[in-house]
Amino acid sequence: MIVGVTKEVKDHEYRVGLTPAGVQELAAAGNTVLVETKAGVGSGLSDEEYEAAGAEMRSGASSVFAEAELVVKVKEPLPQEYGFLREDQAIFTYLHLAPNPELTRALLERRSTAIAYETVQPEDGHLPLLKPMSEVAGKMSVQVGARLLEKTRGGSGVLLGGVAGVEPGEVTILGGGVVGMNAAKVAHGLGADVLIIDINLDRLRSLEDLFHGHVHTLTPTRQSVAKAVTDADLLVGAVLVPGAKAPVLVTHEMLQAMRPGSVVVDVAIDQGGCVETSRPTSHSDPVYVEEDVIHYCVPNIPGAVSRTSTFALANATLPYVMALANKGIRQALEEDPALERGLNLHRGFVTCPAVAESRGGREDSLLKNAYDHIYVHGDMHNRATFFQRVLTSKQLKLKKKSANIAGLQLADLLAYPARQDVLVEHERIADPGDIFGTRLIQAVRMKYNRHLYEGRIEGYGKVLFPK
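Read on for a plain summary of the structure. (Residues numbered from 1 in each chain as written. Predicted model: local features only at pLDDT ≥ 70, side-chain atom pairs only at ≥ 80, totals over all residues. Heavy atoms only, no water.)

Strand order in this open sheet of 7 strands is β9-β8-β7-β10-β11-β13-β12, and the pairing throughout is mixed. Both outer strands of the open sheet, β9 (216-218) and β12 (287-290), are each paired with one neighbouring strand and no more. Across the sheet, the axes of successive neighbouring strands diverge by a mean angle of 20°, strand direction being ignored. In this structure, strand β7 (residues 170-174) lies alongside strand β10 (residues 234-237), joined through 4 bridges in parallel fashion. Note that in β10 the partner of I173 across the bridge is V236. Here helix α9 (residues 222-231) sits on the sheet in contact with β7, β8 (193-197), β9 and β10, set at roughly 150° to β8. (Pairing = 2+ DSSP bridges. Helix = DSSP H or I, 4+ residues; strand = E, 2+ residues; numbered from the N terminus. Axes fitted to C-alpha atoms, helices over the stretch in contact; angles between N-to-C directions. Contact = heavy atoms within 4.5 Å.)

Of all 5 residues that make up strand β2 (residues 32-36), 4 are buried, and the element is covered over most of its length. Taken together, the 4 bridges between strand β1 (residues 2-5) and β2 define a ladder with parallel strand orientation. For G4, the partnering residue across the bridge sits in β2 and is L34. Taken together, β1, helix α1 (residues 20-28) and β2 constitute a β-α-β crossover, and its handedness is right-handed. Where β2 and strand β3 (residues 56-58) come together, 3 bridges link them in parallel fashion. Looking across to β3, one finds that V35 is bridged to M57. Between the parallel pair β2 and β3, the chain is carried across by helix α2 (residues 47-52), and the sense of this crossover is right-handed. (Buried < 20%, exposed > 50% of the residue type's maximum accessible area, 1.4 Å probe, protein only. Right-handed = clockwise from strand over helix to strand, strands pointing away.)

What follows deals with the packing of helix α6 (residues 131-148) against helix α7 (residues 178-190). At a closest axis distance of 7 Å, the pairing of α6 and α7 adopts a crossing angle of 35°. As for the relative orientation of α6 and α7, their crossing is right-handed in sense. Two secondary-structure elements touch here, α6 through K131, S134, E135, G138, K139, S141 and V142 and α7 through V178, V179, N182, A183, V186, A187 and L190. Considering only residue class, the contact of α6 with α7 consists of 7 nonpolar, 4 polar and 3 charged. (Left-handed = near helix turned anticlockwise from the far one by under 90°. Nonpolar A, V, L, I, M, F, W, Y, C, P; charged D, E, K, R; others polar.)

In this section: the side chain of K75. Here K75 is to be found in the loop between β4 (70-72) and α4 (79-82). Ignoring sequence-local partners within four residues, the contact set of K75 consists of E8, K10, E13, R15, T93, Y94, H96, P299 and N300.

Grouped together as the largest cluster of nonpolar side chains are 73 residues, with contacts concentrated most on L18, V35, L70, F92, I173, L234 and L339. No other element matches the 8 residues that helix α11 (residues 306-327) contributes to this core. (Core = buried A, V, L, I, M, F, W, Y, C linked by side-chain atoms within 4.5 Å.)

The quantities given are spatial measurements derived from coordinates; they are silent on function.
If you want it as structure tokens, here you go:
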């Protein structure tokens with residue numbers, strides 16, 4: 001396979017998708033690796049190192065995109081890169097599509113195959129390609145927040161570690177995952193008074209054990225979050241719902257109660273942010289002040305420590321890049337359920353439930369696309385088998401009269417046109433408001449969702465990759 005690596009164009013983004021060691025592994029396996037000139041300079045990696053590893057250098061991203069079958073990046077494509085994307089090309093990078101409808105729309109229009117680092121997920125639920133950058137962002141969040149608290153930078157003048165006879169600063173961390181845990185490590189190491197809020201009690205217990213009871217933990221309620229926010233000198237947003245927009249836990253009203261000069265570092269900003277007043281900033285212009293509170297909301301925090309971040313990320317992504325390049329996109333996804341969960345978009349269709357929901361609901365963005373894809377590309381036997389499987393599930397309770405609408409009729413029924421007010425293509429049910437037809441469609445959609453989330457749909461690869 002021809003694998004391409006481009007220079008990142010996001011503001012002050014110095015990381016690179018592959019190291020020379022990764023290039024050498026790919027080349028040794030018989031792949032061709034194209035690297036844009038100076039792609040690795042920001043991480044201390046020269047063009048000469050890439051060439052020595054077996055890469056072919058290209059001047060300009062356009063030439064890399066034009067030739068590559070698989071493009072490996074760090075951050076999502078920006079508008080100036082949209083025109084380079086192709087239908088017969090896969091892109092493997094951080095995408096964060098849920099809060100970015102413009103990018104989602106561009107990728108859908110270009111019919112690109114988009115695989116997101118942040119939704120690659122094995123059965124145990126952890127996120128191996130998000131974890132290394134979450135470690136970096138968590139540690140940096142406190143490092144950055146401590147500096148912004150300095151009076152010379154507009155902060156309240158609080159030293160997080162305090163000194164003898166003076167209370168330390170208060171650090172409140174929303175979320176006890178990888179970001180939250182690493183933020184807590186640095187804050188606790190500085191001597192701050194640390195509070196971690198998380199909905200998962202087992203996670204809180206493990207954090208208490210990890211820190212030997214030297215950090216405080218709390219489950220979230222409106223009242224408890226409001227008080228914790230009010231008391232905080234530094235508030236770290238570390239909330240994550242894989243692939244989806246982050247929930248807003250801190251309201252504008254809560255923020256107003258914070259002391260002037262307090263600091264918010266919203267690490268969740270790459271998924272929309274968990275503070276109501278958060279909006280994306282950049283390394284060039286990283287902060288703004290609202291309600292006398294300093295906000296730091298840079299989506300690519302790890303880019304500031306690019307060398308550490310590049311090697312940490314490449315260590316995690318290389319096995320997946322090798323699988324995609326050596327086996328081909330389709331085979332690699334079919335053989336690895338974790339990698340398949342990373343598939344967000346394919347040939348103009350949304351294939352990630354969380355992204356579909358962010359675009360207006362599963363029915364319009366995910367289910368209809370899947371139904372139409374089967375109807376247009378699948379043969380009659382596959383359509384019938386698919387819908388029969390959904391219908392005959394023991395968990396799907398339908399009235400007998402409704403259940404009689406099965407097999408090919410149901411396939412025709414659900415393969416409705418793009419117009420939302422038309423439910424049938426063939427006149428199986430003349431009236432879209434028919435109670436049996438409507439209930440049947442709703443039930444099948446619900447059951448399809450359940451199977452999709454659990455990865456139990458027979459022939460799922462055929463839906464995504466029609467011949």
